[in-house]
Amino acid sequence: MLSHKLLRLILLVTLGLQIFVVGQLSYFFIGNEPQSNVILLGLSAGGLAIALTFLLQIDQRLKRETEGKADALKEISASKQAEQELQQHKTQMRAFYQMVVVQGLTFEQRVQRFLELGCECFNLELGIFAQVEESDYTVVAVHGSDELRPGTVFDLSQTYCAVTIHSAEPVGFEFAQESEWVTHPCYQAFRLEAYLAMRVMVNGKLYGTLNFSSLTPHPREFTKVDQGLIEMMSQWIGTALERHQSEAALHQSQARYRAVVEDQTELICRFLSDGTILFVNEAFCRFFGRAKAELIGKSYKPVIFEGDREAVVRLIASMSLEHPVVMIENRVLVNGEIRWTQWINRMIFDQQGHFVEYQSVGRDITELKQAEEVSRQNEERWQLAIQGNNDGIWDHDLVTNRRFISPRCTEILGYFYDEISAFDAWMNIVHPDDVENMRQAFQRHVDRETPFYSCEYRIKCKDGSYKWLLTRGKALWNEKGEAIRAVGSVTDISDRKRVEWELQQAKEAAEAANRAKSTFLSNMSHELRTPLNAILGFTELLSMDPATSDEQLEQLDIILRSGEHLLKLINDVLELSKIDAGRIVLHENQFDLHQLLNDLETMLSSQASSKRLQLYFVCAPNVPQYVRADEGKLRQILINLLGNAIKFTEKGSVSLRVQQANQQTKTDLPCTLYSLLLPDVAGSERILEREVEGFTLKIYLY
């Protein structure tokens, strides 16, 4: 069968011959006649058109036949290529499957086999599995290179994988020098011409890449079979890593769980519905003092205190799918000792929701129970103390301005709790005249000017009346020195205030009566002393008259002595009235102390001798002779004290000792009387029986 080009050549030659023949015939038969030439040319042109038409038809037919043959050839080629790819896919899949199912290989060994398989299947020299972390490209496994080693780190931007990690499909090229990859830094550095790679994802996150490359161009295009194989290998590696990480995490979790269960101080026990123990940890064994062999397979009930067993069994039986957890506090027997324990009991179910066992986690709360009992007793004491003293309690948070008051506060005032619990509400019922005093007292304590807060104020009750309250408290400060809380009590002191008012009224009345009495005595003393002085004066005049007889003199002496005694009594009354009236006045003057003491000794000697008592006046050498004091009152005090001492001392002596208050201090004249002390009264416990054996009076000067 002639080819298309040959047929076209034959047609062109035939057309040329036809034109040549027509030309020669026209010249031979017709010659040079114009009309004949036109006719011949027309015939030639018609023949030429027919020839051209025929030529075009033949050309189109030949073209169609040629295109049909080309399509047929393409179909045959595609079919053969598909058959080859299918055969390649089968071969690669068989090799992949055999490598995956082989037993006894570690993850690292399987990855190495993948690299070998990829280099063989893709006809590439170098296979690498690498991990990508930020900008680091770290080789994990390698095949086909003696220079690269696992652990080698490259800059990710200098590798083709910098592009691969951003693609969900395999990335590859056969001849980098004839593609855009020729400008990539990796080509500039390593001259890798052929490359096929796929990223590796683990748990949805990028882990690294699986890539194969060669320094020489690849002889053929990478097929879908090639892409599918590297995609399967990367997926298997990612899945294996996920499983490997999960198994490692599970192993660590189990190890941690075992460590927690065995090493912690909590008591852990698992048991069945009938109470049979399945597991106990070491803490459980140590607590009860028993080995695991003694407990596992036995019932848990014997370790529970007999009085609590029924309640424990009932509570565990009440657990259900809707309420799978229950907390139980019960007593247990530990080496014959009763101790308190707390257990969190939980039902364990399988994946189908079927009950499997109970797990109980417990702890020893004996000390906590004891502390609770002590706290309860303390709380009872506190409540009894509060109820006993009838006080209310308040607690004010100075940061949030929240306030708590006890029920007693509402009882005192007659309000409901919500009406006065807020601080502002309480302040609104404080008497207006007492608000500022109350605020200042609290502020002084907050500023640490006073150790405690204490204030008495009036407050309005719900019935409109006012009561007196005593509020006491103490603040708490933080590390910055800021007051953050204050706690205290409220006491109803209305009755005390009423008694104080009544006492004040009584005191004022008594003072008024006393002043009236003192005024009366003072006036009466003056009124009595005036005529008495006249009587004594005339009596002295009559006693000096020579005409007065002895009998009359004796009578006048009686009148004089009685009058002087009466005048002394009147002076004493007048002095007492001055003291009561608060008008007593000291008349200080400088006098001779030694002379005063001599006069007193002379005056009292006869009185002491009459009772057979020794009278001693002892004056220290450093006592000055002249002192400054009220001589008259000092004389009166000493006479009264020494006179009473002589009067009530039955035997022994009466002593008066005068000395300096500070022997180390030099005192310039004159000195001032400092004090009078009576520390050496012998037999003072028998003073009422008047059997005192001695009396000493000391005078200290400074």
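Rules of the game
- Residues numbered from 1 in each chain as written.
- Predicted model: local features only at pLDDT ≥ 70, side-chain atom pairs only at ≥ 80, totals over all residues.
- Heavy atoms only, no water.
- Helix = DSSP H or I, 4+ residues; strand = E, 2+ residues; numbered from the N terminus.
- Buried < 20%, exposed > 50% of the residue type's maximum accessible area, 1.4 Å probe, protein only.
- Contact = heavy atoms within 4.5 Å.
- Areas by Shrake-Rupley, 256 points an atom, 1.4 Å probe, with all protein chains shown as cover.
- Salt bridge = Lys/Arg side-chain N within 4 Å of Asp/Glu carboxyl O.
- Pairing = 2+ DSSP bridges.
- Axes fitted to C-alpha atoms, helices over the stretch in contact; angles between N-to-C directions.
- Patch = residues over 30% accessible without salt bridge, like charges linked within 9 Å, V, L, I, M, F, W, Y side chains within 5 Å.
- Lys, Arg positive; Asp, Glu negative; His and termini not counted.
- Charge placed at Lys NZ, Arg CZ, Asp CG, Glu CD.
- Core = buried A, V, L, I, M, F, W, Y, C linked by side-chain atoms within 4.5 Å.
- Phe/Tyr/Trp six-rings, centres within 6.5 Å; stacked < 30°, edge-to-face > 60°.
- Disulfide = S-S within 2.5 Å.
- pLDDT = per-residue confidence, 0-100.

### Topic: the overall build of the protein
Looking only at helices and strands, the protein has 18 helices and 22 strands in total. In the protein, which comprises 702 residues, the share counted as buried stands at 33%. When contacts within the protein are restricted to residue pairs at least 6 apart in sequence, those whose partners lie at least 24 apart make up 55%. Accessible area of the protein: about 43900 Å², with a carbon and sulfur share of 55%.

### Overview of the pattern of salt bridges
Oppositely charged side chains may form a pair once their charged atoms are brought near each other. According to the stated counting rule, one finds 22 salt bridges in the structure shown. With its nearest N and O atoms 3.6 Å apart, the salt bridge here joins Glu282 to Lys292. Remark: Lys292 occurs in helix α8 (residues 292-295) and Glu282 occurs in helix α7 (residues 282-288); sequence separation between them is 10 residues. Here Lys292 falls in the partly exposed class, since its relative accessible area comes to 26%. Residues joined in a network through salt bridges with shared partners are Glu456, Arg496, Lys497 and Glu500.

### Describing the sheet that holds strand β8 (residues 277-280)
Pairing between the strands of a sheet comes from backbone hydrogen bonds, and it takes one of two forms, parallel or antiparallel. Strand order across the open sheet formed by 5 strands is β8-β7-β11-β10-β9, with antiparallel pairing between neighbours. Each edge of the open sheet carries a strand with a single partner, namely β8 and β9 (325-334). When strand polarity is set aside, the average angle formed by the axes of neighbouring strands in this sheet is 25°. Of the pairings in the sheet, the one linking β9 to strand β10 (residues 337-349) comprises 10 bridges and is antiparallel in character.

### Looking at unusual backbone geometry
Across the chain, the bulk of peptide bonds are trans and the bulk of non-glycine residues have phi less than zero. If you check the backbone angles, Asn123 has positive phi at about 55° while not being a glycine. Along the chain, Asn123 turns up in the loop between α3 (107-122) and β1 (126-133). One non-glycine residue, Asn335, adopts positive backbone phi at about 50°. Considering the arrangement of structural elements, one finds Asn335 in the loop between β9 and β10.

### Re the pairing of strand β16 (residues 483-492)
Examined bridge by bridge, strand β12 (residues 392-397) and β16 share 6 bridges and lie antiparallel to one another. Paired with His396 across the bridge in β16 is Ala486. Note that strand β15 (residues 466-477) and β16 share 9 bridges and pair antiparallel. Looking at the pairing, Leu476 lines up with Arg485 of β16. Linking β15 back to β16 in an antiparallel pair, the connection comprises 5 residues, with Gly481 at a positive phi of about 85°.

### A look at the pairing of strand β19 (residues 626-629)
Alternating residues of β19 divide into Val627 and Ala629, all buried, and Tyr626 and Arg628, none buried. Inspection of the sheet shows strand β17 (residues 589-592) paired to β19 by 4 bridges, in the antiparallel sense. Among the inter-strand pairings, Gln590 is bridged to a residue of β19, identified as Arg628.

### Considering a negative patch on the surface
On the surface, Glu133, Glu134, Asp136 and Asp155 cluster together to form a negatively charged patch. Note that Asp155 resides in strand β3 (residues 153-155). For Asp155, a relative accessible area of 39% translates into the label partly exposed.

### A look at the nonpolar core
Counting residues in each nonpolar core, the largest one holds 27 residues, and the members touching the most others are Phe122, Phe129, Leu210, Phe212, Ile230, Met233 and Ile237. Where this core is concerned, the elements lending two or more residues are α3, β5 (194-202), β6 (205-214) and α6 (224-263). Counting residues in each nonpolar core, the second largest holds 26 residues, with Phe617, Leu634, Leu638 and Val658 among its members.

### Points about the packing of aromatic side chains
Per the stated rule, a full pass over the model turns up 19 aromatic pairs. When the ring of Phe129 is compared with that of Tyr207, the centres are 5.9 Å apart and the planes differ by 20°; the resulting orientation is stacked. Residue Phe129 is located in strand β1, and its partner Tyr207 is located in strand β6; the two are separated by 78 residues in the primary sequence. By relative accessible area, which is 1% here, Phe129 ends up buried. One aromatic cluster is present, formed by Phe271, Tyr300, Phe349, Phe355 and Tyr358 through successive ring pairs.

### Observations concerning a nonpolar patch on the surface
Judged by side-chain polarity, Val325, Met327 and Ile344 come together as a nonpolar surface patch covering roughly 240 Å² of accessible area. Among the structural elements, Met327 can be located in strand β9.

### Side note on the sheet that holds β12
Ordered by their spatial adjacency, 5 strands build an open sheet running β13-β12-β16-β15-β14, and the pairing between neighbours is antiparallel. What marks the edges here is a single partner per strand, and that holds for β13 (403-405) and β14 (453-460). Recorded for the sheet is a direction-independent mean angle of 20° between the axes of neighbouring strands. The pairing of β14 with β15 spans 8 bridges and is classified as antiparallel. Bridging from a neighbouring strand, Glu456 pairs with Leu470 of β15. Running over the sheet, helix α14 (residues 432-446) touches β14, β15 and β16 and is turned about 160° from β14.

### Some thoughts on the state of the cysteines
Per the counting criterion, the structure on display carries 0 disulfides. With no disulfide of its own, Cys161 lies 8.0 Å from the sulfur of Cys186, the closest cysteine sulfur. No disulfide involves Cys285; its sulfur sits 9.6 Å from the nearest other cysteine sulfur, which is in Cys269.

### Notes on the confidence of the model for the protein
Chain-level statistics for the protein give a pLDDT mean of 78 and a share of 74% at 70 or above. Per-element confidence in the protein ranges from a low mean pLDDT of 44 for strand β21 (residues 671-677) to a high of 94 for β9. Below pLDDT 50 for its whole length, residues 25-41 participates in 10 contacts with residues either more than four positions away or in separate chains. Low pLDDT, under 50, characterises residues 664-692; the predicted model gives this stretch 60 contacts beyond four residues in sequence or across chains.

### Remarks on the environment of Ile699
Looking at the element boundaries, Ile699 is found in strand β22 (residues 692-701). Among the residues examined, Ile699 registers a relative accessible area of 4% and is labelled buried. For the pair Ile699 and Gln659, spaced 40 residues apart in sequence, the C-alpha separation works out to 6.4 Å.

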